[in-house]
Amino acid sequence: GPSGGRQVAVAYQQYLSTLYQRVGVLYEQGLADFEMKKDIVARLGPYHEWSGFREEVGRHISLAVLEVEKAEFE
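Residues numbered from 1 in each chain as written. Predicted model: local features only at pLDDT ≥ 70, side-chain atom pairs only at ≥ 80, totals over all residues. Heavy atoms only, no water.

A.B. asks: Give a detailed account of the overall build of the protein, specifying residues and quantitative values.
C.D. replies: From N to C terminus, the protein includes 3 helices and 0 strands. Counting helices and strands in the order they occur from the N terminus, the protein gives α-α-α. When burial is assessed residue by residue, the protein has 26% of its 74 residues classed as buried. Considering only intrachain contacts with a sequence separation of at least 6, the fraction spanning at least 24 residues in the protein is 61%. Surface summary for the protein: the accessible area is close to 5200 Å², and the carbon and sulfur share equals 53%. Computed over 8 positive and 11 negative side-chain charges, the inter-centroid distance for the protein is 7 Å. (Helix = DSSP H or I, 4+ residues; strand = E, 2+ residues; numbered from the N terminus. Buried < 20%, exposed > 50% of the residue type's maximum accessible area, 1.4 Å probe, protein only. Contact = heavy atoms within 4.5 Å. Areas by Shrake-Rupley, 256 points an atom, 1.4 Å probe, with all protein chains shown as cover. Lys, Arg positive; Asp, Glu negative; His and termini not counted. Charge placed at Lys NZ, Arg CZ, Asp CG, Glu CD.)

This is the structure:
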């Protein structure tokens, strides 16, 4: 069926951009992924109603931390 159009992809890109940017800032401050969650969830307010948000956001934060760490060593 229909996937929702371009706006779905744009919203997801904005979600990931916000998440990765904030993870980078908090990582530089020395926070671990679990310590970042409260701050990041607050900044992702527009996405709280997405299906599975609460279940997935922690995993997304952990994956973003891995990406930041990888970039640090490249």
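A.B. asks: Provide a residue-level description of the side chain of Arg-22, including the pertinent values.
C.D. replies: Among the structural elements, Arg-22 can be located in helix α1 (residues 6-28). Setting aside its immediate chain neighbours within four residues, Arg-22 contacts Asp-39, Ile-40 and Arg-43.

A.B. asks: For helix α2 (residues 33-43), give the residues involved together with the corresponding values.
C.D. replies: Side chains of residues three or four places apart in an α-helix project in the same direction, reflecting 3.6 residues per turn. Those residues of α2 that sit buried are Met-36, Ile-40 and Val-41. Each buried residue of α2 sits inside an arc of 130° when the element is viewed along its axis, so together they form one side. Exposed side of α2, more than 90 degrees from the buried face: Lys-38 and Ala-42 are the residues found there. (Arc of directions from axis to C-beta.)

A.B. asks: How would you summarise the packing of α1 against helix α3 (residues 53-73) if you had to cite specific residues and measurements?
C.D. replies: Two elements in contact, α1 and α3, have axes whose closest approach is 9 Å; the angle formed by their N-to-C orientations is 60°. The angle between α1 and α3 places the two elements in the oblique class. Handedness of the α1/α3 crossing: right-handed. Taking contact as the criterion, the partners of Tyr-12, Tyr-15, Leu-19, Tyr-20, Val-23, Gly-24 and Tyr-27 in α1 are, on α3, Phe-53, Val-57, His-60, Ile-61, Ala-64, Val-65, Glu-67, Val-68, Glu-69 and Glu-72. Broken down by class, the residue content of the contact of α1 with α3 amounts to 12 nonpolar, 2 polar and 3 charged. (Axes fitted to C-alpha atoms, helices over the stretch in contact; angles between N-to-C directions. Parallel < 35°, antiparallel > 145°, perpendicular 65-115°, else oblique. Left-handed = near helix turned anticlockwise from the far one by under 90°. Nonpolar A, V, L, I, M, F, W, Y, C, P; charged D, E, K, R; others polar.)

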